[in-house]
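Examining the three-dimensional arrangement
Here is how the chains run, residue by residue.
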Amino acid sequence: MIKKILIANRGEIALRIVRACREMGIKSLAVYSEADVQSLHVQLADEAICIGGPRSSDSYLRADRIISAAEIADVDAIHPGYGFLSENAKFAEQCESCNIKFIGPKSKSIRMMGDKAVAKDTVRKAGVITVPGSDGPVDSEAEAVKTARKIGYPVIIKAVAGGGGKGMRIAHNDISFAKEFHVARKEAEKAFGNGSVYIEKYIEKPRHIEFQILADSHGKVLHLGERDCSVQRRHQKLIEESPSPFLTPGLRKKMAKAAIKAAEAAEYQNAGTIEFLVDAKGNYYFIEMNTRIQVEHPVTEEVTGIDLIKQQINIANGEKLSFDQSDIKFEKHAIECRINAEDPARNFIPSPGTISLYYAPGGLGVRVDSHAYSGYSIPPYYDSMIGKLICYGPTRKIALQRSYRALSEYLVRGIKTTIPLHKAIMSDPVFIEGKATTAYMEDFMSRTPTDLF
Ligand code: ADP
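The structure contained in this document is the topic of the report that follows. A quick note: this is a predicted structure, and the numbers were derived from the prediction, not measured.

What counts, and where the lines are drawn
Residues numbered from 1 in each chain as written. Predicted model: local features only at pLDDT ≥ 70, side-chain atom pairs only at ≥ 80, totals over all residues. Heavy atoms only, no water. Pairing = 2+ DSSP bridges. Helix = DSSP H or I, 4+ residues; strand = E, 2+ residues; numbered from the N terminus. Phe/Tyr/Trp six-rings, centres within 6.5 Å; stacked < 30°, edge-to-face > 60°. Buried < 20%, exposed > 50% of the residue type's maximum accessible area, 1.4 Å probe, protein only. Axes fitted to C-alpha atoms, helices over the stretch in contact; angles between N-to-C directions. Contact = heavy atoms within 4.5 Å.

The parallel open sheet is built from five strands, whose spatial order is β3-β2-β1-β4-β5. Sheet topology places β3 (47–52) and β5 (101–102) at the edges, where each strand pairs with a single neighbour. By the bridge criterion, three bridges tie strand β1 (residues 4–7) to strand β4 (residues 77–79) in an arrangement that is parallel. Each bridged residue has a counterpart across the sheet, and for Leu6 the counterpart in β4 is Ile78.

Turning next to the packing of aromatic side chains. Under the criterion given, the structure shown has 13 aromatic pairs. Pairing Tyr358 with Tyr410 gives two aromatic rings, centres 5.8 Å apart and planes at 75°, and the pair type is edge-to-face. Taken together, the residues Tyr358 in strand β18 (residues 357–359) and Tyr410 in the loop between α12 (396–409) and β22 (411–413) connect sequence positions 52 residues apart. Overall, the relative accessible area of 14% leaves Tyr358 in the buried class.

It is worth spelling out the sheet that holds strand β6 (residues 155–159) at this point. Pairing within the open sheet is antiparallel, and its three strands lie in the order β7-β6-β8. The open sheet has two edge strands, β7 (168–171) and β8 (197–201), and neither has a second partner. Each strand of the sheet is rotated relative to its neighbour by a mean of 25°, with strand direction disregarded. Bridging between β6 and β7 involves four bridges; their strand directions are antiparallel. Residue Ile157 lies in a different strand from β7, and its bridge partner there is Arg169. The strands touched by helix α8 (residues 174–192) within the sheet are β6, β7 and β8, with β7 carrying the most contacts at an inclination of about 175°.

Written out as structure tokens, the structure is:
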């Protein structure tokens, strides 16, 4: 039985895990960098150990120090959150070999799904449709151009080790392809230490729709519905909602079935996400699996009433999922806005600094997951997300109205944030009508005066 968990992360997700632990009567241990001494997760966890300097490479990415902290504090399990070491198969293996439970899938599944070319191949063999593209990675320019021509332009060049929207390049013809191919390889090498890339058909104006999966260690695999994450900037999500305003019941059923098949092909255990792109005609294509809890998980929690972090812990404990697919009810609509410390009027430049006043909204149908507070200084070393606003209600219309209302109440002074941008989106007819594709943000920014933000 898990009695104490080390949280190998920071910010709002660390706090989210502390909360689940406390409700379950499990002790929590925060590990933190020197830049995060005043962070809420450090203050609210039962215990805290400093593991190094401000840079992630000196702290949150130091598997050796995290495992030492786990051994010193005698924990039974490590929750990796998202980002940092959460999809690092070697780290999961190290935990396994030190007899510490890694709250996530087995290292084998992480490895299989972490290489996007292998992931696509694995699910394709299981009968799941993937984006047309190269058979695995392509190394030489000559071979790559041939493949791109065969697929048909436009194509997208993607890093096999990719993540966070990095290392992706679009090419419209042979000339731009030759240039982008080398840029993509270089970028991938720099960002992931692995320059290997593969090629896919570039789907024009798709929707990004993903399915939440829960799988226990006894062979039960369930889905918790979808999240529409089409509102993105530079391939990074800004707004997520469930259910998707685009899916018909028939398409939802087909995609959910495909998602379960993909998870089974990965021999998956714990919480995971199967991501698809869906074109205007309703053709859907698997793009990747994320083998961890996602930033946007609260949307699913509010729609289904299921606590995903608690489920993750129970599954790591070897417990059976206590419900079946037919027990999962989808009765609400939820929308999440990611609140970033960035200035949308100045090309989203990061805006670290001290928050002079912080007041989070509340009231019916409003949830805020954030580690921010009045007087908190945002360190410049990490991701700029300072919180997530999740608003929900019986219909999409009410979730939208609530989001606008809550954003109007959300006060963050002293730094720039994306709150005014979200407010403008919540009152934009295209978004209100549920018509946003992944091309939405570019169009929205081009037709909206920046003085609105
Ligand atoms: P990452 O792991 O870096 O997040 P993904 O493969 O999940 O990369 O893709 C992120 C986003 O990039 C997608 O949601 C979509 O907007 C865009 N994208 C990826 N592949 C394609 C494609 N083949 N065609 C069009 N857009 C794509």
